[in-house]
Structures are given as structure tokens and as C-alpha cells.
Amino acid sequence: MDLASKLFKGDRVIWIIFMFLCLISVVEVFSATSTIAYKNANHWAPIVRHATFLLGGFVLVLLLHNIPCRFFPAFILLLPVSVLMLIATPFVGINANDAHRWLEIFGIQFQPSEFAKLASIVFIAFLLSKQSKFTDDQIFKYILIGVGVTCILILPENFSTAFMLFGVCFLMMFIGQLPLIKLGKLAGVLVLALVLFVMLLKFTPAGVAQYLPDRFVTWQGRLERFFEGHAAEADENGVYKITDDNYQVSHAKIAIARGGLFGQLPGHGQQRDFLPQAYSDFIYAIIIEELGVVGGVFVLMLYIMLLVRVGMIARKCEKAFPKYLVLGCGLLVVVQALANMAVAVNLIPVTGQPMPLVSRGGTSTVISCIYFGIILSVSRFGANMGNEEDEDPEENAEGVAAPPAITEEEITNWVPDTQPETEEVVETK
């Protein structure tokens, strides 16, 4: 127990949430990657890969939570680097699922958008903490330029990530108490642009859409399938039909329906063999199938508890930068998790957002661990939580040795000296 208290500093509740999410991830990814395991000579290869990334992320959490949060503004340097990588990705990136989201350097594949998300959160937190040095207009302009350019570069290949990132950044600006008039105007412009974009997707003829980028056709198809619902998926007799267009959503619904209250138990799910992204985009449906509604609610509550705990950490922070930083990291993780869950239960169109720390992934898993490391560091150094073992009872605040404590036995056995002290008097003649 002493070793654990010395090794795991910071907020204990965040550590517990992190451990539970890692445990659920290992179990469910191992179950959901059965289709990949069948295609490999080594059946253990998919889970070994995922466990390796989780282990590497765990090491990063241990390292980061020992680094004072005042050093984290260095992550801002990732912003210009991410912008350059995002510019290069459409031209030299790897094409997967009709989108260029991946870069490969020295044999290592990664998503530049994940680094851009981290850098954007740190960038906004740093600017909001400098409200005494910059005017609100300057901060608003700098954020709009830095984050706006990043989101525009992410948008063509990954609309959901760009939309989610800017939404979290907008919430951070609102929490940072930037002028409501400016935020209201920005929100109005964004809503108008979103409405026009949806109308463009809905009313663009198929003959014209085929000449537009492939991502436009993908977005158009997802929007049509979501809004048309069961009407377009039923035959002339009203019988629901599974087609290529509704394949993923249909099997996700079947998985949720089979789950019941307590689920089929890990390893007994069937829809993992049908869902193409059972271990990533639709892992929440597999969790409900194997762990039931109880397991699904438990996972949801883990993220809700994370958000609540992040708010408590932010309230205890005396300085502005760690306060905004921990809120930004917590909001980004929780919003992405909720988006993944909403897709699985068909509340929103398919987005392709993985569940942080639970879905199988490389870059996403490592970056999610970095968020947890930052949150733990802020809880430790910014909010002074979980540092009880660091306080030396032998020394006071100035580092001076404190006097030894008096025990109860010494107090009981203490007898006052009744003989008054007298001075020796020497008589002189």
C-alpha cells in the first residue's frame, strides 16, 4: 500500500477511473478483435498490440503526473508542427476508409489530428490564463486564428473531429469568460454555416455530387441514412431489411438488443463478427452486448465521474492555466466518449470517433493517456490533491526540524517540580 501511494500521486479517483477504463479496454478489445485474430497466424497479435500501446500510455501517465503543470505550455510547440503535418496529410497521407487521416514516418503510423487536438487545448488554456496581459479582443482573435486554421485543415478529411474540437474550444472560451457578444456572434455564424452545409448535402443531386470529393458523397450518404430512418430500410411488406447502407447501424442495434440487463458475458458476443469496426467506432455496442445495460451504464458513469472530478480539481486550482488546462482535457475526453456512445445507439450519424482509452487504437490510445497524465499532474501540483505522502512530518514549512511530539504517557506521568529554584546567597562580611 505504501508503494502504491508513493507511485500513484495525484487524485486517487482519477487513477481509479483510469484503471477501470484500461481493464474494460483490454477485455472488450480482446473479444471484439476476433475477426482480426482469425486472419493472423498469431491469434494473440491484435490484443498484444493494443496492450503494448496501453502499457506505453501507462508509462506516459506515470511520467507526466510527476511533471509540474507549469511546464505543459511547451505542448504549444506541437501546434505549428501539427498544422504542417495536416497540410501534408492529404497529399502524402495513407488512405483508409476513403479518407487521408494518417501519416507514416519511419514506419510509424499516426494521426496528426490527435496531436493538433492536444496542442489546441494547451494553446487556449495558456491564452486564457494571460487575460491580465492581453485584452479580451486579442485573446479571442488569437484563439480564432490558431484553432480556426487547425479545424479548417482537419475538416475535409475528418468533419466530426473538427466539429468536436471547435465545440470544446468554444466551451473553454465560455468558461474563460470571454465577451458573450463575441461568442454569440461566433455561434451564430457557425450555426448558419452548419445549416447551409447540411442543406447542401441534402439537396445536391447525385449527378453533381459524383464530381465532388469522395468525402462529400460519404457525408451525404450518412446524413440520408440517419434522417430517413426505418422508412427507407423496410421492404414493401414493412419488414426491416439489412442493406449495405445500414449494415453497421443495424448490427449495432442487434448487439444492444441481445445484451439485455446483464449481457452475454465477455467473449460470448456475436455481433463482433459482423460489425467491421466492432473494436473501435462501435465498441460501446459490443460492451452492452457482453456486459449488458449494467455494463453500459457503468462505462457511461466512469466518464461522467471523470468530468465531475475534473470540475472539482479545477475549483481547487489557484492559478488560471492549470484550471483551464484540466477543464479542456476533461471536456475533450468526455465529449468524444459521449459522441462514440451516441453513434452506437443511433442518436447521431456515424462519426468515426473512437472511445477514449477503450477503443483499439494507436495514436488515440497514447494521446488519451497523455490527457490523463495532464489531469493527474494538475490535481497534484495545481490543486494539491493526493500529496499527503510528500509532506514530511519532521519538518515545518520553512524546512526547520519540528520539536518532538509529546506522548500521552509522558503527559500522564509528568510531575511538577515543587521545589522552587533558589539562588545561592553568599554572605560577605
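Scroll up a little and you will see the structure.
Throughout, residues of each chain are indexed from 1 in the direction in which the sequence is written. Confidence filtering applies because this is a predicted model: local features only for residues at pLDDT of at least 70, side-chain atom pairs given and counted only at 80 or more, and all residues used for totals across whole chains, interfaces and linings. Excluding hydrogens and water, the side-chain figures rest on all heavy atoms present in the structure.

Novice: Tell me what's going on with the environment of glycine 362, and back it up with residues and numbers.
Specialist: Numbering of helices and strands starts at the N terminus; helices are DSSP runs of H or I of at least 4 residues and strands are runs of E of at least 2. Here glycine 362 is to be found in the loop between helix H14 (320–344) and helix H15 (363–382). Put simply, glycine 362 and arginine 49 are 313 residues apart on the chain and 8.7 Å apart in space, counted from C-alpha to C-alpha. With near-sequence residues (within four places) excluded, glycine 362 lies in contact with Arg49 and Phe53. A contact between two residues is defined here by any heavy atoms of the two lying within 4.5 Å.

Novice: I'd like a description of the packing of aromatic side chains, backed by residues and values.
Specialist: Note on aromatic pairs: each is described by the distance of the centres and the angle between the planes. Under the pairing criterion, centres of Phe, Tyr and Trp rings, with the six-membered ring standing for Trp, must be within 6.5 Å; the plane angle then separates stacked pairs below 30 degrees from edge-to-face pairs above 60, leaving the rest tilted. Scanning the entire structure with this criterion turns up 14 aromatic pairs. Ring geometry for phenylalanine 134 and tyrosine 142: centres 6.0 Å apart, planes at 85°, overall edge-to-face. For tyrosine 142, a relative accessible area of 32% gives the class partly exposed. With centroids separated by 6.1 Å and ring planes inclined at 15°, the aromatic side chains of phenylalanine 159 and phenylalanine 163 adopt a geometry described as stacked. Taken together, the residues span about one helical turn, with phenylalanine 159 and phenylalanine 163 both in helix H8 (residues 159–175) at a distance of four residues. Only protein chains enter the accessibility calculation, which uses a 1.4 Å probe; a residue whose area is less than 20% of its type maximum is buried, one above 50% is exposed, and one in between is partly exposed. Exposure remark for phenylalanine 163: the relative accessible area of 51% places this residue in the exposed category. Our definition puts a charge over a ring when NZ of Lys or CZ of Arg is within 6 Å of the ring centre and also within 35 degrees of the ring normal. In this structure, arginine 360 is placed above the aromatic ring of tyrosine 279, and the distance from its NZ or CZ to the ring centre is 5.4 Å.

Novice: Lay out H14 in plain terms, naming residues and giving numbers.
Specialist: Expected helix span is taken as 1.5 Å per residue step, with the number of steps being one fewer than the number of residues. Between its first and last C-alpha atoms H14 spans 37 Å; for 25 residues at 1.5 Å apiece the expected length is 36 Å, and the two agree. Burial of H14 is extensive: 21 of the 25 residues sit out of reach of the surface. Where H14 ends, the next residue or the one after it, asparagine 346, has phi of about 65°, a positive value.

Novice: How would you summarise a nonpolar patch on the surface if you had to cite specific residues and measurements?
Specialist: For patch building, the residue pool is restricted to those with more than 30% relative accessible area and no salt bridge; the joining distance is 9 Å between like charges and 5 Å between nonpolar side chains (Val, Leu, Ile, Met, Phe, Trp, Tyr). All accessibility values rest on the Shrake-Rupley procedure with a 1.4 Å probe; residue burial counts only the protein chains present in the view. Basic side-chain nitrogens of Lys or Arg form a salt bridge, by our definition, when they fall within 4 Å of a carboxyl oxygen of Asp or Glu. Taken together, the side chains of Leu261, Phe262, Val293, Val294, Val297, Met301, Ile304, Met305, Val308, Met312 and Leu338 define a hydrophobic patch exposed on the protein surface, amounting to about 930 Å² of accessible area. In terms of residues, the nonpolar patch owes the most to one element, helix H13 (residues 283–316), which gives eight residues. Within the secondary structure, methionine 305 is located in helix H13. Judged by its relative accessible area of 40%, methionine 305 falls in the partly exposed class.

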